[in-house]
Amino acid sequence: MHQQPVRAALGQTHTKRMNCTSRTCIGRFAPSPTGALHFGSLVAAVGSMLDARARGGRWLLRIEDVDTPRAVPGAADRIITTLARFGFEWDGDIVWQSRRGEAYRHAFDTLVAAGMAYPCACTRRELANAPLARDGSRRYPGTCRDGLGAGRSARAWRVRAEGVIRFNDLVQGPQSLELASDAGDYVVLRADGLFAYQLAVVVDDIAAGVTHVVRGADLLDSTARQIHLQGLLGAPPPTYAHLPLATNAAGEKLSKQTLARAIDDAPPAAALLAALRFLGQAPPPTLASAPLAQIWAWALAHWSIDAVPRCRQAVATAFF
Ligand code: GLU
């Protein structure tokens, strides 16, 4: 189904192996099908694939449609078609979160059986005055932690979150976050009966054996919760690299809301070069008129995570 023979092109370069001596590195790209791919998503796809391949590893594609009400009909197929047109090649079958309910249920049951998750009756309105966590969610004040009040019934389920999570992000540097003073006890099963994004991501990454998570820095603030959940589910955390988030000139994340242009019809070679430059890589001017496969081959041979700008966001000058 892939239109560009990128694997073949990549095979012509020598494969660098870095830091993954004892087990195969596994990376992934995990778009939410809430709209078309834009330049910011392309940056995450390029960074995650090059990083995995440069380590001699596998690269997986997961469609994050666990939040079914937010999924836009047709968006996932559009994303997959665009990725193929840009020459991305993923290993194995695409994973669809909407088909993984059983795995999430199993992990949830494990958390409940271990006494780590508890039912919560609080409504959004009741939490409206709680302080904000770094990611903009409300810090849970712990109201239902020791049991539901009389006459109150369970809506969501939360995980007890305590302790300090430290990790060294390959791009953003050392991170430290105290769970209780950030988001506090966080939701794993939502009031609408859907499993929360945090749980789905962690269960999927564990199931796929993901070793390297390379994604946009907008998810940096979720990472402590994900490392915490991995620990509760008995898995070692992957290595993280949070790439600068592409913004418009006003500093807003490229998204459907900020009217970011879809890259579906963008010329792939030019867009790929722009994404590489955004990631601090320095493709030579001679590649400007090169075929796509040649740009991919150069990108793989020269990929350097150390060259990625160590900032949380940067203005994308290329919108296509
Ligand atoms: N689905 C998330 C997004 O599209 C990415 C999640 C992840 O990479 O962990 O922003």
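Peer 1: What am I meant to see in the overall build of the protein here?
Peer 2: Within the protein one finds eight helices and 12 strands. Over its C-alpha atoms the protein spans a radius of gyration of 20 Å, differing by no more than 12% from the 20 Å that the globule rule assigns to 320 residues. Along the first, second and third principal axes, the C-alpha set of the protein runs to 70 × 45 × 35 Å. Across the 320 residues of the protein, 52% fall into the buried class. A sequence separation of at least 24 residues applies to 79% of the contacts in the protein between residues at least 6 apart. If you sum the accessible surface of the protein, you get close to 14,400 Å²; carbon and sulfur atoms cover 52% of it. Each charge sign in the protein was given a centre, from 35 positive and 27 negative side chains, and these centres are 2 Å apart.

Peer 1: Just checking my understanding: could you explain the pattern of salt bridges for this structure?
Peer 2: A side chain of one charge can pair with a side chain of the opposite charge when the charged atoms of the two come close. Tallying each qualifying case throughout the model produces 17 salt bridges. Residue Arg225 pairs with Asp135 through a salt bridge whose shortest N-O separation is 2.7 Å. On the criterion of sequence distance, the pair formed by Arg225 in helix α6 (residues 220–232) and Asp135 in the loop between β4 (117–120) and β5 (156–159) is long-range, its members being 90 residues apart. On the basis of relative accessible area, Asp135 is assigned to the partly exposed category, the value being 32%. One salt-bridge network, in which partners are shared between bridges, spans Arg28, Arg62, Glu64, Arg100, Asp204 and Asp205.

Peer 1: Got a minute to help me understand α6 in this structure?
Peer 2: Residue pairs three or four apart in sequence face the same way in an α-helix, which turns once every 3.6 residues. Taken across its 13 residues, α6 has 11 buried, putting it largely inside the fold. Within the span of α6, buried status applies to Leu220, Asp221, Ser222, Thr223, Ala224, Arg225, Gln226, Ile227, His228, Leu229 and Gln230. One or two steps after α6, the chain reaches Gly234, where phi turns positive at roughly 80°.

Peer 1: Just to check I follow, could you spell out the packing of aromatic side chains for this structure?
Peer 2: For the structure shown, the criterion picks out eight aromatic pairs. Ring centres 5.4 Å apart and planes at 85° place the aromatic pair Phe108 and Trp157 in the edge-to-face group. In this pair, Phe108 sits in helix α4 (residues 101–113) while Trp157 sits in strand β5, placing the two residues 49 residues apart along the sequence. A relative accessible area of 4% places Phe108 in the buried class. By the ring-pair criterion, three or more aromatic residues cluster together here, those being Phe29, Trp59, Phe88 and Trp296.

Peer 1: How should I be thinking about helix α8 (residues 292–302) in this particular structure?
Peer 2: Where burial is concerned, most of α8 is hidden: eight out of the 11 residues are buried. Among all positions of α8, only Leu292, Ile295, Trp296, Ala297, Trp298, Ala299, Leu300 and Ala301 are buried.

Peer 1: Could you clarify how one ought to interpret the environment of Trp157 in this entry?
Peer 2: Classification of Trp157 as partly exposed rests on a relative accessible area of 22%. In the structure, Trp157 is positioned 72 residues away from Leu229 in sequence and 14 Å away in space, judged by C-alpha atoms. Ignoring anything within four residues of it in the chain, the contact list for Trp157 reads Phe108, Val112, Ala117, Tyr118, Pro119, Tyr186, Val187, Val188 and Leu189.

Peer 1: What's the story with the nonpolar core in this structure? I'm lost.
Peer 2: Side chains that are nonpolar tend, in soluble globular proteins, to be buried together. Counting 54 residues, the largest nonpolar core has Phe39, Leu42, Val46, Leu83 and Phe88 as its most contacted members. Top contributing element to this core by residue count: helix α2 (residues 39–54), with 10 residues. Tyr104, Phe167, Ala200 and Val210 belong to the second-largest nonpolar core, a separate cluster that totals 29 residues.

Peer 1: Help me understand the site of the ligand in this model?
Peer 2: Surrounding the ligand, one finds Arg28, Ala30, Pro31, Ser32, Glu64, Tyr197, Arg215 and Leu219. In the model, a nitrogen atom of the ligand is placed 2.7 Å from a nitrogen or oxygen of the Ser32 side chain. Relative to its unbound accessible area of 300 Å², the ligand is 80% covered by the protein chains. When its residues are assigned to classes, the shell around the ligand shows four nonpolar, one polar and three charged.

Peer 1: Can you walk me through the side chain of Thr211 in this structure?
Peer 2: Within the secondary structure, Thr211 is located in the loop between α5 (197–208) and β9 (212–216). For Thr211, the contacting residues outside a window of four places in its chain are Arg23, Thr24, Cys25, Ile26, Pro238 and Thr239.

Peer 1: Explain the pairing of strand β6 (residues 164–169) to me, please; I cannot follow it from the model alone.
Peer 2: Side chains on a regular strand alternate between the two faces of the sheet. Residue alternation in β6 divides its side chains into a buried set, Ile165, Phe167 and Asp169, and an unburied set, Val164, Arg166 and Asn168. Hairpin geometry of β6 and strand β7 (residues 173–178) is characterised by an intervening segment of three residues between the two adjacent antiparallel strands.

Peer 1: I'm lost on the confidence of the model for the protein in this one. Help?
Peer 2: Close inspection of predicted coordinates is inappropriate in any region flagged by low pLDDT. On average, residues of the protein score 92 in pLDDT, and 92% of them are at 70 or above. A low-confidence stretch, residues 1–18 (pLDDT under 50), is modelled with 46 contacts involving residues beyond four sequence positions or located in other chains.

Peer 1: Whenever I open this one, the sheet that holds strand β8 (residues 186–189) confuses me. Can you help?
Peer 2: Sheets are built from strands that pair by backbone hydrogen bonding, the pairs being arranged parallel or antiparallel. The strand order across the open sheet built from three strands is β4-β5-β8, with neighbouring strands paired in antiparallel fashion. The two strands at the open ends of the sheet, each matched to only one other strand, are β4 and β8. Adjacent strand axes in the sheet meet at a mean angle of 45°, parallel and antiparallel pairs treated alike. Relative to β5, β4 runs antiparallel, the two being bridged by four bridges. Bridge pairing links Cys120 to Ala156 in β5.

Definitions and limits used
Residues numbered from 1 in each chain as written. Predicted model: local features only at pLDDT ≥ 70, side-chain atom pairs only at ≥ 80, totals over all residues. Heavy atoms only, no water. Helix = DSSP H or I, 4+ residues; strand = E, 2+ residues; numbered from the N terminus. Rg over C-alpha atoms; globule rule 2.2 N^0.38 Å. Buried < 20%, exposed > 50% of the residue type's maximum accessible area, 1.4 Å probe, protein only. Contact = heavy atoms within 4.5 Å. Areas by Shrake-Rupley, 256 points an atom, 1.4 Å probe, with all protein chains shown as cover. Lys, Arg positive; Asp, Glu negative; His and termini not counted. Charge placed at Lys NZ, Arg CZ, Asp CG, Glu CD. Salt bridge = Lys/Arg side-chain N within 4 Å of Asp/Glu carboxyl O. Phe/Tyr/Trp six-rings, centres within 6.5 Å; stacked < 30°, edge-to-face > 60°. Core = buried A, V, L, I, M, F, W, Y, C linked by side-chain atoms within 4.5 Å. Near = heavy atom within 4 Å. Polar contact = N/O pair within 3.5 Å; in protein donor to acceptor, adjacent residues only side chain to side chain. Nonpolar A, V, L, I, M, F, W, Y, C, P; charged D, E, K, R; others polar. Pairing = 2+ DSSP bridges. pLDDT = per-residue confidence, 0-100. Axes fitted to C-alpha atoms, helices over the stretch in contact; angles between N-to-C directions.

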